[in-house]
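# Observations on the model geometry
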Amino acid sequence: MQKVRLNVLGISYSQTQSGAYALVLSEEGGQRRIPIIIGGFEAQSIAIHLEGLTPPRPLTHDLFLSFSKSFNIELLEVNIYRLEDGVFYSQLVCFNGEREVVIDSRTSDAIALALRFKCPIFTTSDIVDRAGVYIEEEDVESEESSEDGGAFFEEHSSYDETEFEALNLESLNSMLKEAIELEDYERASHIRDEIQRRKNEEK
């Protein structure tokens, strides 16, 4: 069966399950999107990576990356190979220097690892046909510019947009470092966005 490569588009709120999130995957070279319901922990792990934040202590998926690299184990690809009763099943295709090893994985964990290993994500054309949602071409650009890991943090946010107005970039960078050290990733995400906004204004 034909393999289809997928890209991680972002994280959206789940409209069907309270406290859950929809990981949105996009069909490479196509207009279909595949939403996969994931839990809060996995959403945070994926969002932190998408936001470009580096935790002071490794999260579980970061630990898996470090452990694997220490023993020269590579993650070659992730395959979402089955869809049954709304549940996606995935496999990790690993290489230990001598042979390939295939390991079953929850799809949310597999995606979090794929991002860290920078390996491709594949599924089957049948799963894309069954689970894919068509996005109109004119909606793609606005969707891709608005969806990212920040959706996870926005739901929990008590962010005051005026909080950082009087601070210079040096102070903001210092606050960003402190927020990451305290593992306050919601606050770190907003500070980083404010820093990026100012840099864009300077261009």
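Use the structure listed above.
This report concerns the structure included in the present document. (Residues numbered from 1 in each chain as written. Predicted model: local features only at pLDDT ≥ 70, side-chain atom pairs only at ≥ 80, totals over all residues. Heavy atoms only, no water.)

Before going further, it helps to spend a moment on the overall build of the protein chain. The number of helices and strands found in the protein chain is eight helices and eight strands. Looking at the protein chain as a whole, 44% of its 203 residues qualify as buried. The contacts of the protein chain with a sequence gap of at least 6 include a subset with a gap of at least 24, amounting to 57%. Of the roughly 11,600 Å² of accessible surface on the protein chain, 47% is carried by carbon and sulfur atoms. (Helix = DSSP H or I, 4+ residues; strand = E, 2+ residues; numbered from the N terminus. Buried < 20%, exposed > 50% of the residue type's maximum accessible area, 1.4 Å probe, protein only. Contact = heavy atoms within 4.5 Å. Areas by Shrake-Rupley, 256 points an atom, 1.4 Å probe, with all protein chains shown as cover.)

Moving on, we come to unusual backbone geometry. Of note in this structure, N72 is not a glycine but carries a positive phi near 55°. A residue is classified by how much of its surface remains accessible, and N72, at 58% relative accessible area, is exposed. Even without glycine at this site, D85 takes up a positive phi of about 55°. With respect to the helices, strands and loops of the structure, D85 is situated in the loop between β4 (74-84) and β5 (87-95). For D85, a relative accessible area of 76% gives the class exposed.

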